[in-house]
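Observations on chain architecture
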Amino acid sequence: MLPTSRVFIKAFLLNLVTLGFYNWYLIHSFAKETNIACAEDGRHTKGLLAYVLLNMITFGIYGIFWYCNWIERCNSMLLRHHRPQGLQMSTYLLTTLLLGVLTFGIMFFVVYAKMLYLQNAVNRLYNDLNGFKEEPEEEAIEQAEVKEIAMEI
């Protein structure tokens, strides 16, 4: 069963406490979980080691490329199974390249929350397709997360 209860505030605080290392854990988890959940598409999302090394070699460009591919792969799976898509690549790119700075970082937080929501949605779909039951507590957390995202937007 893949996790479906990642919440923005918890992830944000863990990122602060660990001085950003939690974000690397999320990249590792997103890659691993996406490869499990989206195995039917025959593609592979590279993990943390490739992300870090290629990001250093390309001065950060690979990180943008990695996130775009991950977003596209997750949304494709949701679309194939007639589920609403999450974060769009255009929103991610606009925020990364322009809106994040223009909104004094607020849009970075919105995109971060939407990334967590997207992976939660893909994991939930995988769990549903494979007959795993979600615990009631996770459903309550998900509803709180949706309300939180709606309030941010």
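The following paragraphs examine the structure supplied in this document. (Residues numbered from 1 in each chain as written. Predicted model: local features only at pLDDT ≥ 70, side-chain atom pairs only at ≥ 80, totals over all residues. Heavy atoms only, no water.)

**With respect to the overall build of the chain**
For the record, the criterion: Every helix listed is a DSSP run of H or I at least four residues long, and every strand listed is a run of E at least two residues long, numbered separately from the N terminus. Note on exposure labels: buried denotes an accessible area under 20% of the residue type's maximum, exposed denotes more than 50%, and partly exposed covers the range between, all computed with a 1.4 Å probe on protein chains only. Per-residue and other accessible areas follow the Shrake-Rupley method at a 1.4 Å probe size, with only the shown protein chains counted as cover for residues.
Summing up its helical and strand segments, the chain has seven helices and zero strands in all. When each of the 153 residues of the chain is scored for burial, the buried share is 41%. Looking at the chain as shown, the accessible area adds up to about 8700 Å², and 69% of this sits on carbon and sulfur atoms.

**Some remarks on the nonpolar core**
Stated formally: Put simply, a nonpolar core is a bunch of buried Ala, Val, Leu, Ile, Met, Phe, Trp, Tyr and Cys residues held in one set by side-chain atoms that sit within 4.5 Å of each other. It only takes one pair of heavy atoms within 4.5 Å for two residues to be counted as in contact.
Counting 33 residues, the largest nonpolar core has Trp 66, Tyr 67, Trp 70, Tyr 92 and Met 115 as its most contacted members. Those elements that place two or more of their residues in this core are helix H1 (8-17), helix H2 (21-37), helix H3 (48-57), helix H4 (61-80) and helix H6 (106-129). The leading source of residues in this core is H6, at 10 residues. The residues contacting Tyr 67, other than those within four sequence positions of it, are Asn 23, Ile 27, Tyr 51, Tyr 92 and Met 115.

**Describing the pattern of salt bridges**
The following threshold applies: Whenever a carboxyl oxygen of Asp or Glu lies within 4 Å of a side-chain nitrogen of Lys or Arg, that contact is scored as a salt bridge.
Under the counting rule described, the total for this entry stands at five salt bridges. A salt bridge links Glu 40 to Arg 80, with the shortest nitrogen-to-oxygen separation between them at 3.0 Å. Linking Glu 40 in the loop between H2 and H3 with Arg 80 in helix H4, this pair joins segments that are 40 residues apart in sequence. For Arg 73, the salt bridge identified is with Asp 41, shortest N-O distance 2.9 Å. One end of the pair, Arg 73, is in helix H4; the other, Asp 41, is in the loop between H2 and H3, with 32 residues separating them in the sequence. For Arg 73, a relative accessible area of 2% translates into the label buried. Overall, Asp 41 belongs to the partly exposed group, its relative accessible area being 22%.

**Some remarks on a nonpolar patch on the surface**
We apply this condition: To count toward a patch, a residue needs a relative accessible area over 30% and no salt bridge; like charges are then connected within 9 Å, while nonpolar side chains (Val, Leu, Ile, Met, Phe, Trp, Tyr) are connected within 5 Å.
Together, Ile 9, Leu 13, Leu 16 and Val 17 give the surface a local cluster of nonpolar side chains, amounting to about 390 Å² of exposed area. Its place among the elements puts Ile 9 in helix H1. For Ile 9, a relative accessible area of 42% puts it in the partly exposed group.

**Some details on the layout of surface pockets**
Under the convention used in this document: Detection works on a 1 Å grid of protein atoms alone, calling trapped sets that fit a 1.4 Å probe cavities and calling open sets with protein on both sides within 12 Å along at least five of seven lines pockets, with lining residues defined by an atom within 4 Å of a point. Grid points are joined across faces, edges and corners, and a volume is the space filled by probe spheres set on the points. When residue character is reported, Ala, Val, Leu, Ile, Met, Phe, Trp, Tyr, Cys and Pro are called nonpolar, Asp, Glu, Lys and Arg charged, and the others, Gly included, polar.
Here the largest pocket defines a volume of roughly 380 Å³. What lines the largest pocket is a set of 21 residues, among which Asn 23, Tyr 67, Phe 108, Tyr 112 and Met 115 lie closest to the centre. When contributions to the lining of the largest pocket are tallied by element, the ones reaching two or more residues are H1, H2, H3, H4, helix H5 (89-102) and H6. Top element by residues in the lining of the largest pocket is H6. It accounts for six residues. Taken together, the residues of the lining of the largest pocket sort by class into 15 nonpolar, six polar and no charged.

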